Structures are given as structure tokens and as C-alpha cells.
Amino acid sequence: MQLLTPRPPAEEEVTGLRATGELSGATRTKIVFAAAFGPLVAGYALVVALFALVTALASLSHFSVLGVLRAAGPGLLAAYQVPVTVTGGTLGVLPLLGTAVVGTFVAGSAAHAAGRLGYREPGQAVNVVAPIAATHALAGITIALTVGSVRVNVEPLTAFLVPGFVSALCATAGVAKRCGILAAARDHLDPLALRGLRAGALGLAGLLGVGAVVYTVTLGVSVRTVGHLFAANAPGFGSGAGMLLLSIGYLPNAVIATLSFVAGPGFSIGSVSLTPFSYRGGTLPGLPLLANMPEHAARWWPALLVLPAAVGVLVGWSLRRSDEDPRARLRTVGIAGALIGFGCVLLGTLAGGQLGHGPFNPVSVPVGLLSVAAFGWIAVPGGLVAWLAGPRRPAPAPEPVVVEEPEPEAESQDEADEQREPDTVEEPDDTEDTEDTAAVEDTEDTEDTADVEDSEDTETAEDAEDAEEPAQASDEAKEPGS
């Protein structure tokens, strides 16, 4: 009997939706709602867990659940790179590792929501990115307005704009592939520009890798100093754990500062500044993260400039076959260098900032010089490698040299004229030849006739003269006898 029992309309509707793959409006709203609030909840829970762990392990601190929950709000804003004022001093140098974690949460949540909603068009990405950005911006200003106190304070406008911008950027990166944004970029951008952007991403990762290697090696050499700093500034297991977590959070900042040092512009912490060519000492924070800071300059520091040049060679080598025209390859290297320069501006800005009002303020990375230096380290060696190591356009084939054989001397002008005439030979005109022949014959006949007549006339005259001579003789003979 159950087979004949009609199902409720709601059940039929749900089954039909599942069969066709379409989602109702309420389901779509839930998916977008989860994508917007999920990273906030996860980030806040992570900050609460870290603060609770540090507070519980610290020997001189008093654990308070309410205090940890209240402190986690500004901590979450710090993860979004929102400056926090603590006891009158602005903390603008914020851990980039927390920003990377929160950005990963936002990008993953946006990508998951776009996949569940079945979005495949670039325009559909707005339906996910806009709610996420608006939710994070409203959450930021809400935290800034609720935690304001004498000890901790956050600027409301900054708390509204910065989380909204960061979340929108990360959400766009998350849905770029699923919603076809990358495919649309490939269709509308020049292929050489795409090659340049890819090479630029490779070069930026290479520069960061150079900074990480140099920092790791120098910190490994200074491992004894690390132990002394832990013992002096964070005695005990709990304080040491908190110092370790703080150092790990600021590790990306240290790598970017080391990159700036290796590239040439250097960095400064308060009165301390160093570049590969200069050094000025002073007081430093007692962080194990800074155990590798030198006490004086070294002559071998300029040799470190070979490392960013090697990254430029790598970029040029990757673009050596991007085009047959060397000038096009140079333009591609220029695009890669421009992307790297912009990336260094962004990273240098995030790595530095205000550090209270003490002797360690500010922490500065000269972003302008770093951008120019990074572009130069990529464009100059990369351009030379791309120009010299790449293929060249084949030279145009030389025109065949035609050697003209000397023409035999013409026996007569008529033969020379015949040799200069084109291949097409005109048939002789019989009429003209006949007329010429007739004219020649008439001329010859006339001349012969004239010659004959002249001869006859001459002979007749001579005969007449001969006849006159005997007549005269006979007359003379008759005269004497008469």
C-alpha cells in the first residue's frame, strides 16, 4: 500500500530539485551566509584558542575567559592588518602569518560556495564576493565599536575598510578559477602578457625564497643567541611558548625585510638600519626572531646581490622561447619585472609600520627603493638572457645572383637588333619584301637601260665622227685638182 500512497508536495519538490540539480532560494542564501560568516567564526575561534593557550601557560598572567574573548576581537582585526592602539601606542607592525591564514580561510570558503552554487560565469562571482566583503567590513566596525577602551582601541573607519578590502581580494582569488575569471583573462590578454605575468609570479616567489634562505642560514648560525634571548626575555615554559608563537607569526615579516636587505635597499628598526653597503647600530627588541641581526658591517655583504641577479637570470631563461622576436621577449621580461615591483611594494608596506612610541619605532622597509631595485634585478639580467639565449628570426634568404654570360658580338646591326628582340618572332611580311625586291629590280633595269643607251649614243657619235673624217679628206683631195 505504501507504493500507492501519494507523497507530500514538499517531498516531491525537494526530490525534483535534487534530480534537476537546481537549488532553492533559501538553500542559496544559506550557502552564501555560511561562506560569509564561516571564515570569521573560524578565525575568531583560532585567535581565542591561541590567546587562551598563551594565557594559561604564562606563569605571571591571570586566565580569564571573558578577558580572552574580549581580546580576541582586536586580535582578529590585527590578522586583517588593522592597526591596533595599545595603551596609547599604535601597533602597526602586524604578523603576516595571521593574515595568510585568514586569507586562506576566506578563499577556501568562497571557492566552496561557488562550487555548490554551480557558478561558472565571471559575472556570477559577485554573488559570492560581495556578501563576503560586506560581512567582514560590518564585523570589523562592530568589533571596533564594542572593544573601545582606554587600553585597547581601534579606528572604526579603518576597521570597516581594511577587512572588507582584504576579504574581497581573497574571495576573488578563491572563485577566480571556478567562475572562469582566469579563463576570461586568458582570452582577453595578449599571450605574451600572460607569459610575463606567470614569469613575474615565478620571480616574486624566487625573491621570497632568496630572503627565506638567507634568513634561515643566518638564524642557524646565531642559534646560541636565540637561546640567550629566550632565557632572558621569556623564562619558563609558558612564556617561552608565547614568545615562540609570536616569533612564528612575524616570520614572514622577517623574510621580507631580509629580501629588502639582499636586494640592496635594506630595512630599519628604530635607529638601527642596515644595507649591504652600510650599517648603523642601536637598540633592538629582545625577540629571538632578531637573533641574526649583526653587530657591525661585513665586507662580504655586497656579494649577496648575486642572489637577486640569479633570480633575474631564471626569469629570463624561462622567457627565452616566448617569442621569436627579441624585442617581444624584452617586453615580456618588462611585464614580469613590473609585476614583481608591484608585489614588493605591497609586501614591503605590510611588513613594516608603527611600533608604539618606544625606541623601536618605526619598522621600515623602503618600498619605493625596493620596487625599483627588484625591477632592475629582474629586467637587466633577465632581458640579457632572454635576448641572447632565445631563438632569432631567420635572416631573409639572399636573392640569387644571376651571372650574365657575355653576348657574342653581332656580325651586323641587324643581328644585334634580332638578339635584343623578345622571344616572340614576328613572321616576315612577304608584301614588303616583294615591294623591296621589285623596287631594287626596277632600279637595276633602269640603270642597265640607261647604261646601254649611253653606250649606243657614244658609239653613234663616234661613228658619225669617223664618217665625217673621210668626207673631209675627200674634199681636201678635190680642191687641188680643181
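Refer to the structure above for everything that follows.
Residues numbered from 1 in each chain as written. Predicted model: local features only at pLDDT ≥ 70, side-chain atom pairs only at ≥ 80, totals over all residues. Heavy atoms only, no water.

Let's shift gears to a nonpolar patch on the surface. A contiguous nonpolar surface patch, about 910 Å² in accessible area, is contributed by Leu46, Leu50, Phe51, Leu53, Leu57, Leu97, Phe105, Phe237, Leu244, Leu245 and Ile248. Elements supplying a minimum of two residues to the nonpolar patch: helix H2 (25-57), helix H4 (96-117) and helix H10 (237-249). Broken down by element, the residue count for the nonpolar patch peaks at five residues, all from H2. Structurally, the position occupied by Phe237 is in helix H10. A residue is classified by how much of its surface remains accessible, and Phe237, at 68% relative accessible area, is exposed. (Patch = residues over 30% accessible without salt bridge, like charges linked within 9 Å, V, L, I, M, F, W, Y side chains within 5 Å. Areas by Shrake-Rupley, 256 points an atom, 1.4 Å probe, with all protein chains shown as cover. Salt bridge = Lys/Arg side-chain N within 4 Å of Asp/Glu carboxyl O. Helix = DSSP H or I, 4+ residues; strand = E, 2+ residues; numbered from the N terminus. Buried < 20%, exposed > 50% of the residue type's maximum accessible area, 1.4 Å probe, protein only.)

Mapped onto the elements, Gly238 comes out in helix H10. In this structure, the C-alpha to C-alpha distance between Gly238 and Thr55, residues 183 residues apart in sequence, is 8.1 Å. Filtering out sequence-adjacent residues up to four positions away, Gly238 remains in contact with Leu57 and Ala58. (Contact = heavy atoms within 4.5 Å.)

Consecutive side chains along a regular strand alternate between the two faces of the sheet. Both strand E4 (residues 267-269) and strand E5 (residues 272-275) contribute to a ladder of three bridges, which runs antiparallel. In the strand pairing of E5, Phe267 is matched with Leu274. Hairpin connection between E4 and E5: a loop of two residues separates the two successive antiparallel strands, and Gly270 in this loop has a positive phi of roughly 65 degrees. Both E5 and strand E6 (residues 278-280) contribute to a ladder of three bridges, which runs antiparallel. Residue pairing across strands places Thr275 opposite Ser278, the latter belonging to E6. Count of turn residues in the E5/E6 antiparallel hairpin: two residues. (Pairing = 2+ DSSP bridges.)

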